[in-house]
Amino acid sequence: MRRFLLALLLSAAAILPAAAQSTAINGSIEGVITDDSGAVLPGVTVTITNLDTGDTRVVVTNESGLYRAPLLPLGKYRVAAELQGFKKLEQTGINVSAGQTAVISIKLGVGALTETISVTADAPLVDLGKIEQGRTLSEAEIKTLPLTSRNPYNFALLQPGVVGFENSEFGATRITSNGALLRVNYQIDGSNNTQKDRAGLRQMPISEIMIREVKVVTTGYAPEFGQTMGMIYNAITPSGTNTFKGQGSYRFQRQSMVSFPFFFVGPRNADTKPPTDVNIATVDLGGPIVRDRTHFFGGFERTKRDLSGLSVITIPSATAQQLGIRDEKFQARVADAKFAIGKIDHQLNGSNRLSLRYLFFDQGIDNNVGGGLLSVERATNFSDRQHSTGVQLVSTINTNLLNELRVQYATRAQARTPGTLAGTGPAVNITNVAQIGGPVASLSDDGFGFTQDVGQINDSLTWLRGNHSFKGGFDIQHVADTRTSTAQQLYTFPNTAAYLAAKNGSNPFGYTSFVQYFGEPNLEFSSNLYGLFVQDDWRVSDSFKVLYGIRYDLYDVPAGVANAPFAASRDFTIDKNNVAPRLGVVWTLGSDRRTVLRANTGLMYDQAILAGYEQALVNDGTNARAAAT
């Protein structure tokens, strides 16, 4: 029945009229063409040329004098309008950003078609076509704003209404938007980049070499976007142009440039200052393979950062000697991260444009320990490797019908192994004194493994009819998860004397508690996410625009354990009523077009957080896996 309902919904989406506003990876140009008296001019031929790549789109104004060119690649454009009996007009300096609708309305003067008037457009004071709330971070901002963390997700905090705190490394920035705590739909080129097991986490870290623009939408997003009630963060990757362009950089930090950590314990001199060296190298290059037809872009970053200063160990020397452990105030803890991107954009023919891109991230942190009362015995070597491959095909079926197909496969794998100075045997916590022993204190220590594979396909059809731009489409994601748990063994002692008595055998049962995990360490589960939408971008007049539509999401969560002793783990309810209507308007006030009024409303349904289902499967009451205290 589930497959039948899905097939029925997808069939309905295929025949529904389909909008160009707020597209995930492209932009649009539209406007109304009039004569000097203000009368609209139907039948005007409008040629839209991408000055970076040579791509050309030709459209014709309708009976209302309106022309529209959706699904345009990002870049700088020239718009040329011509009609017999009028002077030809060319306007350049038009920049198209992700999800932007550039409104370029033109007046044609009476004259010979052989006469050409050239105009260079100034940047508009306000975005006349935008309905949602948010902004686009430009390439100039991404390349020039300070980014000592090397984590572009921190840029989301520049958006008004977004609060949280940045991440000093490549971890997840904690973001609250639109009143929703840690609820973000992360995307790369309009495809999934959201970790499905927890809220508000991106799947793949990214570098500035991987980003051309960032589209941040906090509220009022069109029906084509879903799976969040908070913010959408869409990173758009760069593309090559007809000009070879590249850059290289080297950034560094040395121990002598920084102060001692605030909580450092011990003498403060050059010999005891924690190492804080940083070395960052980047390089990227883009250009033509075949001019006006095929372009490439590639980039690489390597960041090596000594994190020892962030994990100062505060166990006093006398205590370390009493416990018989190494007296370390910090452990050499180096994060070595590598980023890479490769992308090809190819104009197959006059009607089809294909983009292929590959992203790579790999980070290893040796002797990863948090500091404080954690001794170096509890350090693990952490590895995190990710790949993302995406394909986009934009097809112009005819002047009024366009299709956009995106396919992506992304995978992430994490693991932990013992550090070079790791202890052996069970982990030992001595309350308020020290944490020693083997690195097996939690389920995410030595032996831990995490993989998540996401396959995705989404397709949307745009149909231009009169003053309407209809759009409809679907999104399907298959998520496969694998978890491997540490064979956890943890003793907790109330004080040092109790630990030493247990160690020498005089009182082996003086501990407060002992926790152990045993049974099957591996867990596998999968889920599916389905989305359907229909919307209409209706230009009621040259100054008033309405976008309305409806979205439906179905979250097919992991299957339960049919014979589980706990009834709640046998089967999980699938929510089937996630119907989300949306409405937005934008009204340009005054003849000078310097003021815009926007309003939007709608329902948004968040995606299911898979960690809850994971816990229900782990704790299903069977004897497959269990923890005892």
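Residues numbered from 1 in each chain as written. Predicted model: local features only at pLDDT ≥ 70, side-chain atom pairs only at ≥ 80, totals over all residues. Heavy atoms only, no water.

**Q** Tell me about the overall build of the chain, and name the residues and values.
**A** Looking only at helices and strands, one finds 5 helices and 35 strands in the chain. When the 56 positive and 55 negative side-chain charges of the chain are each reduced to one mean point, those points stand 1 Å apart. (Helix = DSSP H or I, 4+ residues; strand = E, 2+ residues; numbered from the N terminus. Lys, Arg positive; Asp, Glu negative; His and termini not counted. Charge placed at Lys NZ, Arg CZ, Asp CG, Glu CD.)

**Q** Summarise the environment of Asp-362; cite the residues concerned and give the values.
**A** Within the secondary structure, Asp-362 sits in strand E22 (residues 352-368). The spatial distance from the C-alpha of Asp-362 to the C-alpha of Ala-413 is 9.7 Å, given a sequence separation of 51 residues. With sequence-adjacent residues up to four places away left out, Asp-362 is seen in contact with Asp-336, Ala-337, Lys-338, Asp-384 and Arg-385. A distance of 3.0 Å separates a polar atom in the side chain of Asp-362 from a polar atom in the side chain of Arg-385. (Contact = heavy atoms within 4.5 Å. Polar contact = N/O pair within 3.5 Å; in protein donor to acceptor, adjacent residues only side chain to side chain.)

**Q** Report on the sheet that holds strand E14 (residues 184-188), specifying residues and quantitative values.
**A** Pairing within the open sheet is mixed, and its 5 strands lie in the order E10-E16-E17-E14-E15. Taken across any chain shown, the strands that pair with only one partner, and hence form the sheet edges, are strand E10 (133-137) and strand E15 (191-192). Note that strand E16 (residues 213-219) and strand E17 (residues 231-236) share 5 bridges and pair antiparallel. In the sheet register, Glu-213 faces E17, and the bridge partner there is Ile-236. (Pairing = 2+ DSSP bridges.)

**Q** I'd like to hear about the sheet that holds strand E5 (residues 75-82), residue by residue, with values.
**A** What the 5 strands build is an open sheet, ordered E3-E2-E5-E6-E9; its pairing is mixed. The open sheet has two edge strands, strand E3 (56-60) and strand E9 (116-120), and neither has a second partner. On average, adjacent strands in this sheet sit at an angle of 20° to one another, irrespective of strand direction. (Axes fitted to C-alpha atoms, helices over the stretch in contact; angles between N-to-C directions.)

**Q** Quick rundown of the environment of Gln-253? Include the residues and the values.
**A** When you line up the elements, Gln-253 lands in strand E18 (residues 245-253). On a C-alpha basis, the gap between Gln-253 and Asp-277 in space is 5.3 Å, while along the polypeptide they are 24 residues apart. Beyond its immediate sequence surroundings of up to four residues, Gln-253 is in contact with Val-258, Thr-276, Asp-277 and Val-278.

**Q** Any chance you could break down a nonpolar patch on the surface for me, citing the residues and the numbers?
**A** Side chains of Ile-289, Val-290, Ile-344, Leu-356, Val-391, Val-407 and Ile-457 sit close together on the surface and give an oily, nonpolar patch of about 500 Å² of accessible area. Within the secondary structure, Val-290 sits in strand E19 (residues 278-290). What makes Val-290 partly exposed here is its relative accessible area of 40%. (Patch = residues over 30% accessible without salt bridge, like charges linked within 9 Å, V, L, I, M, F, W, Y side chains within 5 Å. Areas by Shrake-Rupley, 256 points an atom, 1.4 Å probe, with all protein chains shown as cover. Salt bridge = Lys/Arg side-chain N within 4 Å of Asp/Glu carboxyl O. Buried < 20%, exposed > 50% of the residue type's maximum accessible area, 1.4 Å probe, protein only.)

**Q** Can you lay out helix H5 (residues 610-618) for me, pointing to particular residues and giving the numbers?
**A** Leu-610, Tyr-613, Glu-614, Ala-616, Leu-617 and Val-618 are the residues of H5 that are buried. Contacts from the buried residues of H5 go to strand E28 (468-484), strand E31 (522-541) and strand E35 (625-628).

**Q** Which residues make up the pairing of strand E29 (residues 489-493), and what values go with them?
**A** Pairing geometry for strand E25 (residues 427-430) and E29, over 4 bridges, is parallel. Across the sheet, the residue bridging to Ile-430 is Phe-493, located in E29. Across 4 bridges, E29 lies against strand E30 (residues 513-519) in antiparallel orientation. Bridge assignment links Gln-489 to a residue of E30, and that residue is Gln-516.

**Q** Can you break down the environment of Tyr-358 residue by residue, with the values?
**A** With respect to the helices and strands, Tyr-358 occurs in strand E22. As for Tyr-358 and Ala-410, which are separated by 52 residues in sequence, their C-alpha atoms are 9.7 Å apart. Setting aside anything within four residues of it in sequence, one finds Tyr-358 in contact with Ala-340, Ile-341, Gly-342, His-387, Ser-388 and Thr-389. For Tyr-358, the side chain forms a polar contact with the side chain of His-387, separated by 2.7 Å.

**Q** Residues and numbers for the packing of aromatic side chains, please.
**A** Scanning all chains against the criterion turns up 14 aromatic pairs. On the basis of an interplanar angle of 70° and a centroid distance of 5.2 Å, the ring pair of Phe-572 and Tyr-613 is categorised as edge-to-face. Pair noted here: Phe-572 is in the loop between strand E32 (544-556) and strand E33 (578-589) and Tyr-613 is in helix H5, with a separation of 41 residues, a long-range link. Judged by relative accessible area, which is 10%, Phe-572 ranks as buried. (Phe/Tyr/Trp six-rings, centres within 6.5 Å; stacked < 30°, edge-to-face > 60°.)

**Q** Summarise the pattern of salt bridges; cite the residues concerned and give the values.
**A** This structure, assessed with the given rule, holds 24 salt bridges. Glu-328 serves as the salt-bridge partner of Arg-326, at 2.9 Å between the closest nitrogen and oxygen. A residue is classified by how much of its surface remains accessible, and Arg-326, at 48% relative accessible area, is partly exposed. Among the ionic pairs, Arg-385 bridges to Asp-362, the shortest N-O distance being 3.0 Å. Of this pair, Arg-385 sits in strand E23 (residues 380-398) while Asp-362 sits in strand E22, placing them 23 residues apart in sequence. On the basis of relative accessible area, Asp-362 is assigned to the buried category, the value being 13%. What you see here is one network of salt bridges that share partners, running through Glu-30, Arg-68, Asp-537, Arg-539, Asp-542 and Lys-545.

**Q** For the confidence of the model for the chain, give the residues involved together with the corresponding values.
**A** Put simply, the chain has an average pLDDT of 87, and 94% of its residues get 70 or more. Highest mean pLDDT in the chain belongs to E29 (97); lowest belongs to helix H1 (residues 2-15) (38). This stretch, residues 1-22, has a pLDDT under 50; its non-local contacts, to residues over four places away or in other chains, come to 52 contacts. (pLDDT = per-residue confidence, 0-100.)

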